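Coordinate inspection notes
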Amino acid sequence: MPRRVLHLWALALALGAHGPQQVRASEAERAFQCPPQSRGDDAMGVPLAGDAFLPVFATPAPETDEASTIKQAIIVVHGAAEVYFEDVVKAVQRQKENQSTVVIAIALPDKACSLKDWAPQRHSALNGGYRAPIWNISGDQWQFGGLSEHQPDHDGVSSFAALDSLLAWTQKEYPSLERLTVAGFSSGAALALRWAALSQEGTDGRTALRGLPLRIVVVSPPTLLYLSPERPAASCRGTGETGPEHLCSEFGTPSGELKGQAACGWEWDDYGLGLGGLQKAGGKTGSVRRVASDYLHEALDISDTEVAAVIRSRFETKDIRFLFGAKETEPCDRGSCPDSCAAMLEGSNRLQRGLNFMSHLKAVLPSYEPKCGIYQDATPFLAHNFTKWLLPLCEDPKAHEDDKHDSDANASKTNSEGPTSATDDKHGSDSAEDDKHDVAAEGLGIDKKFLDTPVFLLAADGKQLSDNFGKLEMHPNLEAWEKWLISEAGGGEVYLTSYRGEHLSNSAGDGEVAKESHWVGAETKWTLSDAGHGQVFITSARGVQLADDGGKVVIRRENGASAKWTIRACDESAKGLVIDKKLLDTPVFLTAADGKQLSDNFGKLEMHPNLEAWEKWLI
């Protein structure tokens, strides 16, 4: 069997770069350490109410010169902060985003800790006595917004409120910040999802304090929060190790079919797994349900009958992304996830629960389309893999709002007698000098600047080749999913590797949909040849080309326009303007996908086939 190739930019996606101990950390690594066991220089405290502080790791620190260039923040939520903070920092460095990204990891204390002990370099006589809240990490109350233990200087802090305070602190300490991502894995994903549902943060995709774009990433949660009392039908909760193909379209109010209880003692929809009990002052004082209810109603003046509807309406305005592991199919009753009666109504394994929840969201929010994906694990027998979701957080920061990306590749139309066209600038240069630079006629067929660095592969219509969790598509986005790595395979051939570490394969038959492969070999080798005008043909040893068949990625014998690709370095598309400056301050046409131009018909904007004065624009 050929060895697995792990390129630098894919190391954060596979355990091969770290070893299994990275995920299966020792108890000492996972336990909260005060002072920190490692990364002590990055330890700091976020002020909370009542002379309390939230221990976090953050780099770069707010007081450093580097903080002035920070544009995005990644806030990591997980029970093992030190271990995973370092992973995310390394992933950001590999993606060369460290100059513009602050990485912050929450450390959830389960023992007493003062700021003087946690961050001695940052404490003072005034705040040195600040104490961290204490949550019982072995329990699960913190995952649902529960209070920390009572201490003399405060009555307990909700984990939801702590996360809110961290978001506010981050926006204040990094004034040039432009966007934030809150990412939770496993138990941290359980917290991130419930917080996303109940918090005012993220409404309309933005933060409450400064209105910055906020993305919430929920990865491999053990349980989900249902937004209505219905649950997947028994047929959707198969007890076997169901895989990524599992789909569920049947929901209903559960009956007493599990463990002999009458629908889990009529508590299947209580808060934690559902929205039951979130009416004002719901639940006993100090209970998780009561704390969540108080948190919700402090921000919203709503009646008890409006609770579920308001939560649902806000939820569908938030930018929430879900990721589930394809191999997370071990049954929950073997200890891989909670197996209480109510939890088992969601599904019998983590992956099944996640897929059932996606179908639930579609059913309960008809106009909402969940943003989700399934990751394949690089290490066959270690499915619960934290590092698999790091790269999507380090995506091209060009556009974060609702995944709306202008189709700049079609911004102008070539016209030798009319104004300058933007099309050729986007897909390749008309000049011989640029052609020589972009496409070398010898060796690998491309300029070596494109080797071993993330690139986009653009088709004739301006869309990029995209790896949508194993499904090859054409997409207008310029994000992580559209990034590829070209590396030498010897003999003038190359490998084309996606952000998931999968290699483009030529094993499909002529005219069939293109595939990917875990392994390198003859079927994953390609030849790049000059197609003219800064474009290339991507050809396999069998003489078939990679082609864009109207949005369908296929392998076929094709030397026409659909088999021509433009290679563009990711950093070229992410810097400054997305057009060449030669197009500034000179008349241009703005051409849509159907070939018509944007036209100003005496104040009425229209699309028109003409190439006249009415269709000329100045950028």
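Calculation notes
- Residues numbered from 1 in each chain as written.
- Predicted model: local features only at pLDDT ≥ 70, side-chain atom pairs only at ≥ 80, totals over all residues.
- Heavy atoms only, no water.
- Disulfide = S-S within 2.5 Å.
- Helix = DSSP H or I, 4+ residues; strand = E, 2+ residues; numbered from the N terminus.
- Buried < 20%, exposed > 50% of the residue type's maximum accessible area, 1.4 Å probe, protein only.
- Polar contact = N/O pair within 3.5 Å; in protein donor to acceptor, adjacent residues only side chain to side chain.
- Contact = heavy atoms within 4.5 Å.
- Salt bridge = Lys/Arg side-chain N within 4 Å of Asp/Glu carboxyl O.
- Pairing = 2+ DSSP bridges.
- Axes fitted to C-alpha atoms, helices over the stretch in contact; angles between N-to-C directions.
- 1 Å grid on protein atoms, 1.4 Å probe; cavity = no way out; pocket = protein on both sides within 12 Å on 5 of 7 lines; lining within 4 Å.
- Points joined across faces, edges and corners; volume = space filled by probe spheres on them.
- Nonpolar A, V, L, I, M, F, W, Y, C, P; charged D, E, K, R; others polar.

A few points about the state of the cysteines
Under the counting rule described, the total for this entry stands at four disulfides. Disulfide pairing is shown between Cys34 and Cys113; the S-S distance is 2.0 Å. Its S-S torsion of approximately 65° makes the covalent link between Cys34 and Cys113 right-handed. Highlighted residues: Cys34 in the loop between α1 (27–30) and β1 (43–48) and Cys113 in the loop between β4 (101–106) and α3 (115–118), separated in sequence by 79 residues. We classify Cys34 as partly exposed; its relative accessible area is 22%. The disulfide partner of Cys264 is Cys341, and the S-S distance across this bridge is 2.0 Å.

Quick word on the side chain of Ser562
Along the chain, the position of Ser562 falls in the loop between β22 (552–556) and β23 (564–569). With a relative accessible area of 19%, Ser562 lands in the buried category. Here the side chain of Ser562 touches Arg556 through a polar contact of 3.1 Å, side chain to side chain. Apart from the residues lying within four places of it in its own chain, the contact partners of Ser562 are Leu546, Ala547, Asp548 and Arg556.

Quick notes on the side chain of Thr223
Residue position: Thr223 is located in the loop between β6 (214–219) and β7 (231–232). Relative accessible area serves as the criterion here: at 3%, Thr223 is assigned to the buried category. Once residues lying within four places of it in the same chain are set aside, the contact partners of Thr223 are Arg194, Leu273, Pro338, Ala343, Glu346 and Arg353.

Considerations on the pattern of salt bridges
Oppositely charged side chains may form a pair once their charged atoms are brought near each other. Within the structure shown, the criterion is met by 14 salt bridges. The salt bridge involving Glu178 is made with Lys71; its shortest N-O contact spans 3.7 Å. You can see Glu178 sitting in the loop between α4 (159–173) and β5 (179–185) and its partner Lys71 sitting in the loop between β2 (52–59) and β3 (72–77), a full 107 residues away along the chain. According to the relative accessible area criterion, Glu178 is partly exposed, its value standing at 38%. Via salt bridges that share partners, Lys71, Glu178 and Arg179 belong to a single interconnected network.

Digging into the pairing of strand β15 (residues 493–498)
Burial within β15 is extensive, with six of its six residues counted as buried. Residues of β15 alternate between two faces, with Glu493, Tyr495 and Thr497 on one and Val494, Leu496 and Ser498 on the opposite face, all of them buried. When strand β14 (residues 484–490) meets β15, the two strands line up antiparallel, connected through six bridges. Counted as the bridge partner of Trp484 is Ser498 from β15.

Comments concerning the sheet that holds β6
Spatially, β1-β2-β4-β3-β5-β6-β9-β10 is the arrangement adopted by the eight strands of the open sheet, whose pairing is mixed. With one partner strand each, in any of the chains shown, β1 and β10 (371–375) form the two edges of the open sheet. Along the sheet, successive strands turn relative to each other by an average axial angle of 25°, direction set aside. Two elements, β5 and β6, share six bridges in a ladder whose sense is parallel. Bridge pairing links Leu180 to Leu214 in β6. Contacts from helix α10 (residues 350–364) reach β9 (319–325) and β10, with the element oriented near 145° to β9.

With respect to the environment of Val219
Along the polypeptide, Val219 turns up in strand β6. Looking at Val219, the relative accessible area reads 0%, which means it is buried.

Focus: empty space enclosed by the protein
The final tally for this structure, using the stated rule, is two cavities of 30 Å³ or more. The volume enclosed by the second largest cavity comes to roughly 50 Å³. As for the second largest cavity, its lining consists of Leu54, Val77, Ile106, Leu108, Ser159, Ala162, Leu163 and Leu191. In terms of residue count, the dominant contributor to the lining of the second largest cavity is α4 (three residues). Partitioning the lining of the second largest cavity into residue classes produces seven nonpolar, one polar and no charged.

Describing the environment of Ala58
Mapped onto the elements, Ala58 comes out in strand β2. Take Ala58: its relative accessible area is 1%, and that puts it in the buried class. In this structure the C-alpha to C-alpha distance between Ala58 and Ile75, which are 17 residues apart in sequence, comes to 9.0 Å. Sequence-distant contacts of Ala58, defined by excluding residues within four places in its chain, comprise Asp42, Met44, Phe85, Val103, Ile104 and Tyr174.

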